[in-house]
Amino acid sequence: MEAWGTVVAILATLMVATVDAKIYGRCELAVKLDKAGLNGFKGYTIGDWMCMAHYESGFDTSFVDHNPDGSSDYGIFQLNSAWWCNNGVTPTWNLCHMDCRDLLNRHLLDDILCAKQVVSSRNGMTAWDSWTKHCYGHDLSEWLKGCNMRVRIDSKKMNS
């Protein structure tokens, strides 16, 4: 019975969180990430961040993915509950010192601060398999095309 109560509580939390969720438009998100100082952060460009977020969540702040190991990935950057946030279910390091449900709303500051921690780790953006597979070594200029932004678009770095 206790497990059922936990499931109901998690579902209720996710439903409340999705009320304030948002699927960002490409250019809208690019501008927000640029204003938050991600262009050039640890050598990565807005194109790197846009490409990764697209393949991770489709720019959907409410996206949750459940992994075979029992952990879940949350929000626009798909931050993992075993490492970066606490979902109340998965044993976690909670390296960003936050509740995973805080990653499911339209307010990106906490997501960005946590993603900066991920990129600052020894893995850099290779922490996201989607970045390695779809973004690294690719022309990322398409992610900003038509966005009326003047930012560097060529990634200079890949952390190993």
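Here the structure is shown first, and the text comes after it.
Here is what the cut-offs are and how they apply
- Residues numbered from 1 in each chain as written.
- Predicted model: local features only at pLDDT ≥ 70, side-chain atom pairs only at ≥ 80, totals over all residues.
- Heavy atoms only, no water.
- Phe/Tyr/Trp six-rings, centres within 6.5 Å; stacked < 30°, edge-to-face > 60°.
- Helix = DSSP H or I, 4+ residues; strand = E, 2+ residues; numbered from the N terminus.
- Buried < 20%, exposed > 50% of the residue type's maximum accessible area, 1.4 Å probe, protein only.
- Lys NZ or Arg CZ within 6 Å of the ring centre and 35° of its normal.
- Salt bridge = Lys/Arg side-chain N within 4 Å of Asp/Glu carboxyl O.

## Overview of the packing of aromatic side chains
Each pair of aromatic rings is reported with the distance of its centres and the angle of its planes.
Here is step 1 of the chain: The full count for this structure, using the stated rule, is seven aromatic pairs.
Here is step 2 of the chain: Centre to centre, the rings of tryptophan 49 and tryptophan 128 are 6.2 Å apart; their planes meet at 65°, and the pair counts as edge-to-face. Remark: tryptophan 128 occurs in the loop between α4 (109-120) and α5 (129-134) and tryptophan 49 occurs in helix α3 (residues 46-57); sequence separation between them is 79 residues. The same class applies to tryptophan 49 as to tryptophan 128, namely buried.
Here is step 3 of the chain: For the ring pair tryptophan 131 and tyrosine 136, a centre distance of 5.4 Å and an interplane angle of 50° mean the geometry is tilted.
Here is step 4 of the chain: The positively charged end of lysine 22 is found above the aromatic ring belonging to tyrosine 24, 4.9 Å away from the centroid.
Here is step 5 of the chain: The side chain of lysine 116 reaches across the aromatic face of phenylalanine 41, ending 5.0 Å from its centre.

## Overview of the pattern of salt bridges
For side chains bearing opposite charge, pairing can occur when the charged atoms are close.
Here is step 1 of the chain: The full count for this structure, using the stated rule, is four salt bridges.
Here is step 2 of the chain: Across the pair lysine 22 and glutamate 28 runs a salt bridge, and its minimum N-O distance is 2.6 Å.
Here is step 3 of the chain: Lysine 22 sits in the partly exposed class, given a relative accessible area of 22%.
Here is step 4 of the chain: The exposure class assigned to glutamate 28 is partly exposed, which follows from its relative accessible area of 34%.
Here is step 5 of the chain: For arginine 101, the salt bridge goes to aspartate 99, with nearest N and O atoms at 3.4 Å.
Here is step 6 of the chain: Judged by relative accessible area, which is 42%, arginine 101 ranks as partly exposed.
Here is step 7 of the chain: Residue aspartate 99 is classed as partly exposed on the basis of its relative accessible area of 25%.

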